[in-house]
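Residue strings, one per chain:
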Amino acid sequence: MPDTLTAAAELLPAARRALKRYYGYDNFRPMQADIIQSVLAGQDTVVLMPTGGGKSVCFQVPAVVSEGLCVVVSPLIALMKDQVEALKGNGIAAAFINSSVGTSEANDIARAAVSGHLKLLYVSPEKLLSDGFMQFLGRVNISLFAIDEAHCISSWGHDFRPEYTKLGALRTQFPNTPIVALTATADRLTKRDIITQLNLHEPKVFLSSFDRPNINLIVRPGQDRVGSVVEYITRHPQDPGIIYCLSRKTCETISQKLQQKGIKAAHYHAGLTPNQRSKAQEAFLQDDVQVIVATIAFGMGIDKSNVRWVMHYNLPKNIEGYYQEIGRAGRDGAPSTAILFYSFADVMQMREMVTKDVPARQAQLNTAKLERMQQFAEAASCRRKILLHYFSETLAHDCGNCDICRNPPTTFDGTLLAQKALSAVTRARERLSVTLLIDVLRGMRNQAVIAGGYDQIKTYGAGADLPYLDWYSYVHQMLNDGLFYIAYEEGYALKITPRGHEVLKGELPLLLKKFQPAEKAEKPTRASRKAATEAAATGSPEARLFEHLRQLRKQLADEQGV
Ligand code: ADP
Ligand code: MG
């Protein structure tokens, strides 16, 4: 489409002027200009850019310089409100329609849209897809559909919204209107779901780096969390920060404890009234409180650039969520810190939560994702590398800044171990899940092994000298190091990466962190030791592990200090 491309190139200076006039910025950030050009050329476009990267500009500026209305799909009422207020504040005609807007107001907005007086209209997906609204849209000159937080379309993702899956209808109803989908979640499957479910037509995909080098990644042991938090804040009395907690109750308790120590803190969760919530949010934005103690309900779309630290009081349920939340720190580019409190018992608590009341397939996926989170927390190598690998990026060097880089754990040459595992995966034609791989390496004779014929392959039993838990740790370290990835859509089969092939061929050595059983790493109580010994006398390694975890869980409540 050379004509439209030329037209788009001609619009680019106008886009730049709009950026200056309405937003006050002199330059586009890397990628924004290319994305805007693609959108203006009428291309379907997918934007995968981290939180704070500047996705809004990528559809708002095209909306401003194009004729007609840009319809924006957004998952949260609060998010729509914030963005529309910001747009209006910048002098751009924008409005939102959702369940919080009354009929007469909605009618006024609709009239403004039909008469061409509106540039951007934010809607919830359920509103957009209602019959009346689709008919109304038929009467409007639409320049663009923007699907914000587009990962909500994917059931693999962390914010799945069933209504998003029906947005494919847009392409059918408006075959000639370009669609831009934007998200900060960049994993392979989410990207695939966005493209297929929205019926995008040969979309241009823009993937910007997910590296946030100014955020320093730290994991701390879960003991005495309150003490750690207070100590950190006392040492950084000027720095605004967010503490993410799992439960509403914890938010309130921690906030109270901080206040008792003379720290200006407020809590925020979905159980508060809208008024209470916006008060807490406002106080934090205005620096009237230093610390906000919140559930993950806090933060989507919040624009505070000088958040200096983010803490996770509890283990997040997956890396996507963790990454999004820590991404709220350091949007101004200045050095910032992300601290995750971690104990093995957190995993058990979370495992129960992510598998309860969900279909088996989802439970399995949630568990697999939680395991990646766990392995990040237990990492033996540069945490930034692990995080980026999760988003399919490779970092050439260790970051030198995370806690692991600063204080490396005991390692050994794990090349041979890795080769055994990689060889087994290859010989089994990349059909082994993590558990099955370990069973094959250890020469187990269970049904899955026999049925797959894996007892016939050459590396069967090649790792029989190591216990299950050791292999479990090493295989996850290899995953984290990017030697293979999990194909969730193919029965969780491990697939070897180019890097993995290098290790297999002996071209690349691999360091592994020596596996430390949890009871050594976290001083056992007498009860947990006794239980572990009892279970060990009878059970399988898994049974032993679970018994041990059960004991750990009991300690969790005390340890978390709530
Ligand atoms: P995202 O949706 O990707 O999380 P936003 O669109 O909310 O990010 O933008 C994050 C911040 O970056 C906002 O404060 C926005 O005004 C700012 N921003 C966006 N583009 C630019 C730019 N070209 N120059 C300077 N700041 C920008
Ligand atoms: Mg956004």
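A short tour of the structure in this document, coming up. (Residues numbered from 1 in each chain as written. Chains lettered and ligands numbered in written order. Predicted model: local features only at pLDDT ≥ 70, side-chain atom pairs only at ≥ 80, totals over all residues. Heavy atoms only, no water.)

Considering the environment of Leu129
Tracing the sequence through the fold places Leu129 in the loop between helix 6 (125-128) and helix 7 (131-138). Filtering out sequence-adjacent residues up to four positions away, Leu129 remains in contact with Met134, Glu163, Lys166, Leu167 and Ala169. (Helix = DSSP H or I, 4+ residues; strand = E, 2+ residues; numbered from the N terminus. Contact = heavy atoms within 4.5 Å.)

Some points on empty space enclosed by the protein
Within the structure shown, the criterion is met by two cavities of 30 Å³ or more. Considering the residues around the largest cavity, the lining is formed by Phe210, Asp211, Arg212, Ile215, Leu217, Tyr323, Ile326, Arg384, Leu387 and Leu388. Listed by contribution, the elements that provide at least two residues to the lining of the largest cavity are strand 8 (215-221), helix 13 (319-326) and helix 16 (383-390). Among the elements that take part in the lining of the largest cavity, helix 16 stands out by supplying three residues, more than any other. A per-class count over the lining of the largest cavity returns seven nonpolar, no polar and three charged. By volume, the second largest cavity is sized at about 50 Å³. Along the walls of the second largest cavity sit Ile242, Phe284, Phe298, Gly299, Ile302, Lys304, Val307, Arg328 and Arg331, which together make up its complete lining. (1 Å grid on protein atoms, 1.4 Å probe; cavity = no way out; pocket = protein on both sides within 12 Å on 5 of 7 lines; lining within 4 Å. Points joined across faces, edges and corners; volume = space filled by probe spheres on them. Nonpolar A, V, L, I, M, F, W, Y, C, P; charged D, E, K, R; others polar.)

Things to note about unusual backbone geometry
Positioned with a positive phi, Met31 is a non-glycine residue whose angle comes to about 85°. With respect to the helices, strands and loops of the structure, Met31 is situated in the loop between helix 1 (2-23) and helix 2 (32-40). Taking the relative accessible area as the measure of exposure, Met31 reaches 26% and is therefore partly exposed. Phi angles above zero are rare outside glycine, and Glu149 is one such case at about 50°. Counting through the fold element by element, Glu149 comes out in the loop between strand 5 (142-147) and helix 8 (169-173). According to the relative accessible area criterion, Glu149 is buried, its value standing at 12%. (Buried < 20%, exposed > 50% of the residue type's maximum accessible area, 1.4 Å probe, protein only.)

Let's talk about the sheet that holds strand 3 (residues 94-97)
If you walk across this open sheet you meet the seven strands as 3-4-2-5-6-1-7, and the pairing is parallel. Two strands in the sheet have a free side with no partner beyond their single neighbour: strand 3 and strand 7 (204-207). Each neighbouring strand pair of the sheet contributes to a mean axis angle of 20°, computed without reference to strand direction. Along the sheet face, helix 5 (residues 103-114) touches strand 2 (69-73), strand 3 and strand 4 (120-123) and points at about 135° away from the line of strand 3. (Pairing = 2+ DSSP bridges. Axes fitted to C-alpha atoms, helices over the stretch in contact; angles between N-to-C directions.)

A short note on the side chain of Asp439
Following the sequence through the fold, Asp439 ends up in helix 19 (residues 434-441). Despite its burial, Asp439 pairs with no opposite charge; the closest candidate is Arg442, at 5.5 Å N-O. Asp439 has contacts with Met444, Asn446, Val449 and Tyr468, leaving out every residue within four places of it along the chain. (Lys, Arg positive; Asp, Glu negative; His and termini not counted. Salt bridge = Lys/Arg side-chain N within 4 Å of Asp/Glu carboxyl O.)

Read these as spatial facts, not as claims about activity.
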